[in-house]
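Okay, here's what each chain looks like letter by letter:
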Amino acid sequence: HGTVDLDQSLEESCDVYYYQLGQKLGIDRMAEWLARFGLGERTGIGLPSEAPGLIGTPEWSRRVRGTPWYPGEAVSVSIGQGPVLTTAIQLARAFAALANGGSLVTPHVVVDPSSAATVDLALDPHHLELVTRGLELVVHGERGTARSLARLPVAGKTGTAQVARLQEGVDSDDLAPHLQHHAWFVGWAPLDEPRLVVAVVVEHGGGGGSVAAPTAATIFSAALDRERTSTVRQSPGE
């Protein structure tokens, strides 16, 4: 990749940028902010089988694994690897907070939007702007990993979740189907006035850009087309 800034690291999904960032931040600071965005805990959506997920910390490592936390593990956590487990609804909730300006919403299956509980994350507006601009480039940049959505007013991020440790020279596609990578995409639309968040995980599907992003494009297209149709029907004189 060469020299990479935040915009390019998001657009092209450059792991090394986040390896270095994770080393500088350390696990305690990363875990604190991941918790603020609702990762590692149930969202409160009201479904009885909802899983809390996991964000590994030194305390967790001592208590559960019986081993100390090694500094290099922060490098893995910085890209969502290692002791990190998330659900689709957790990531949808976290991205909704980015889209709405920094409010963490408690999701419900059916709810009056005016009564939804929110928590102000107290995000720095400049930092939020930097991240959201990078997430727009993921879809609309020349080297964005989710260019399959470029025709749509969407911002978001692709992801690939590793299921099994790979041996040198072995690709995920070479493994048995149940050991192949999970494909992710999470994003929102429209860009100018976000109203919809979509989180897609294709279990053992491969790459986020090649599998999950096109799936998300189908969902976004259907939802936005339906919204446009509804608006036309409600226009005066129609």
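Structure first, text after, so check above.
This one's a predicted model, so the numbers in the text were calculated from it and none came from an experiment. (Residues numbered from 1 in each chain as written. Predicted model: local features only at pLDDT ≥ 70, side-chain atom pairs only at ≥ 80, totals over all residues. Heavy atoms only, no water.)

## Description of the nonpolar core
In terms of nonpolar packing, the biggest core is built from 44 residues, with Leu 149, Val 154, Phe 185 and Phe 220 touching the most fellow members. Where this core is concerned, the elements lending two or more residues are helix 2 (15-36), helix 4 (73-77), helix 5 (88-99), helix 6 (125-140), strand 6 (182-189), strand 7 (196-202) and helix 7 (208-233). (Core = buried A, V, L, I, M, F, W, Y, C linked by side-chain atoms within 4.5 Å. Buried < 20%, exposed > 50% of the residue type's maximum accessible area, 1.4 Å probe, protein only. Helix = DSSP H or I, 4+ residues; strand = E, 2+ residues; numbered from the N terminus.)

## Description of the pairing of strand 5 (residues 155-161)
The element strand 5 is extensively covered by neighbouring structure, given that 5 of its 7 residues are classed as buried. Strand direction decides the pairing type here: strand 5 and strand 6, joined by 7 bridges, are antiparallel. Looking at the pairing, Gly 156 lines up with Gly 187 of strand 6. (Pairing = 2+ DSSP bridges.)

## A short note on helix 5
Turn by turn, an α-helix covers 3.6 residues, leaving residues three or four places apart pointing in a common direction. Taking 1.5 Å of rise per residue, the 12 residues of helix 5 would be expected to cover 16 Å, and the 16 Å separating its terminal C-alpha atoms lies within 8% of that figure. Taking burial as the measure, the 12 residues of helix 5 include 9 buried ones, the bulk of the element. Regarding helix 5, the residues found buried are Gln 90, Leu 91, Ala 92, Arg 93, Ala 94, Phe 95, Ala 97, Leu 98 and Ala 99. In the core, the buried residues of helix 5 are packed alongside strand 2 (84-85), strand 3 (103-105), helix 6, strand 5, strand 6 and strand 7. In the segment just after helix 5, Gly 101 is the residue with positive phi, at about 100°. (Expected span 1.5 Å × (residues − 1). Contact = heavy atoms within 4.5 Å.)

## Side note on the sheet that holds strand 7
Pairing within the open sheet is antiparallel, and its 3 strands lie in the order 5-6-7. A strand with exactly one partner marks an edge of an open sheet, and here the two such strands are strand 5 and strand 7. Taken pair by pair, the neighbouring strands of this sheet meet at an average axis angle of 10°, ignoring direction. Inspection of the sheet shows strand 6 paired to strand 7 by 7 bridges, in the antiparallel sense. Across the sheet, Ala 183 pairs through a bridge with Val 202, a residue of strand 7. (Axes fitted to C-alpha atoms, helices over the stretch in contact; angles between N-to-C directions.)

## Looking at the packing of aromatic side chains
Aromatic ring pairs: the centre-centre distance and the angle between the two ring planes describe each pair. Evaluation of the coordinates by the stated rule reveals 2 aromatic pairs. Ring geometry for Tyr 17 and Tyr 18: centres 5.0 Å apart, planes at 65°, overall edge-to-face. The exposure class of Tyr 18 is buried, given its relative accessible area of 16%. With centroids separated by 6.4 Å and ring planes inclined at 55°, the aromatic side chains of Phe 95 and Trp 188 adopt a geometry described as tilted. Taken together, the residues Phe 95 in helix 5 and Trp 188 in strand 6 connect sequence positions 93 residues apart. Considered together, Phe 95 and Trp 188 belong to a single accessibility category, that of buried residues. The ring of Trp 33 carries the charged tip of Arg 36 above its face, separated from the ring centre by 3.9 Å. (Phe/Tyr/Trp six-rings, centres within 6.5 Å; stacked < 30°, edge-to-face > 60°. Lys NZ or Arg CZ within 6 Å of the ring centre and 35° of its normal.)

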